[in-house]
Amino acid sequence: MSLHEELTAVQRCLDDLARTVGRLERSLAQLREADATDRSPAPDQRAGMVTITEAPYDATLWTDSDDEGLGVRGRHAP
């Protein structure tokens, strides 16, 4: 492949990249516009949100659980 052909191929790739970036920028602008018109509700108004307290978990929740990779509590690992 000659130098001229390689430069032409590089220019074609750069043109494709510039077109793709332009399409992505337009898509991003559309997403931003849609987001601006369709704002999500305030955090306290969101459905299904659960507040997790800083209090320690109840130890009885874990009495029959397995320690990941170690097997059941009170038994030796294999």
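Residues numbered from 1 in each chain as written. Predicted model: local features only at pLDDT ≥ 70, side-chain atom pairs only at ≥ 80, totals over all residues. Heavy atoms only, no water.

## With respect to the overall build of the chain
Scanning the chain from terminus to terminus reveals one helix and two strands. Mapped from its N terminus to its C terminus, the chain presents α and β elements in the order α-β-β. Looking at the chain as a whole, 1% of its 78 residues are labelled buried. Carbon and sulfur atoms form 57% of the exposed surface of the chain, whose accessible area is close to 7,800 Å². (Helix = DSSP H or I, 4+ residues; strand = E, 2+ residues; numbered from the N terminus. Buried < 20%, exposed > 50% of the residue type's maximum accessible area, 1.4 Å probe, protein only. Areas by Shrake-Rupley, 256 points an atom, 1.4 Å probe, with all protein chains shown as cover.)

## Topic: the confidence of the model for the chain
Taken residue by residue, the chain gives an average pLDDT of 80. The fraction at 70 or more is 69%. Mean pLDDT across the elements of the chain bottoms out in strand β2 (residues 71-72) (60) and peaks in helix α1 (residues 3-37) (92). (pLDDT = per-residue confidence, 0-100.)

## Focus: a nonpolar patch on the surface
A contiguous nonpolar patch, built from Val50, Ile52, Tyr57, Leu61 and Trp62 and spanning about 640 Å² of accessible area, is present on the exposed surface. Examined against the element boundaries, Trp62 turns out to sit in the loop between α1 and β1 (66-67). (Patch = residues over 30% accessible without salt bridge, like charges linked within 9 Å, V, L, I, M, F, W, Y side chains within 5 Å. Salt bridge = Lys/Arg side-chain N within 4 Å of Asp/Glu carboxyl O.)

## Some thoughts on the pattern of salt bridges
Per the stated rule, a full pass over the model turns up one salt bridge. Note that Asp16 and Arg19 form a salt bridge whose closest N and O atoms lie 2.1 Å from each other. Here Asp16 and its partner Arg19 are both found in helix α1, three residues apart, which amounts to about one turn of the helix. Residue class for Arg19 comes out partly exposed when judged on its relative accessible area of 46%.

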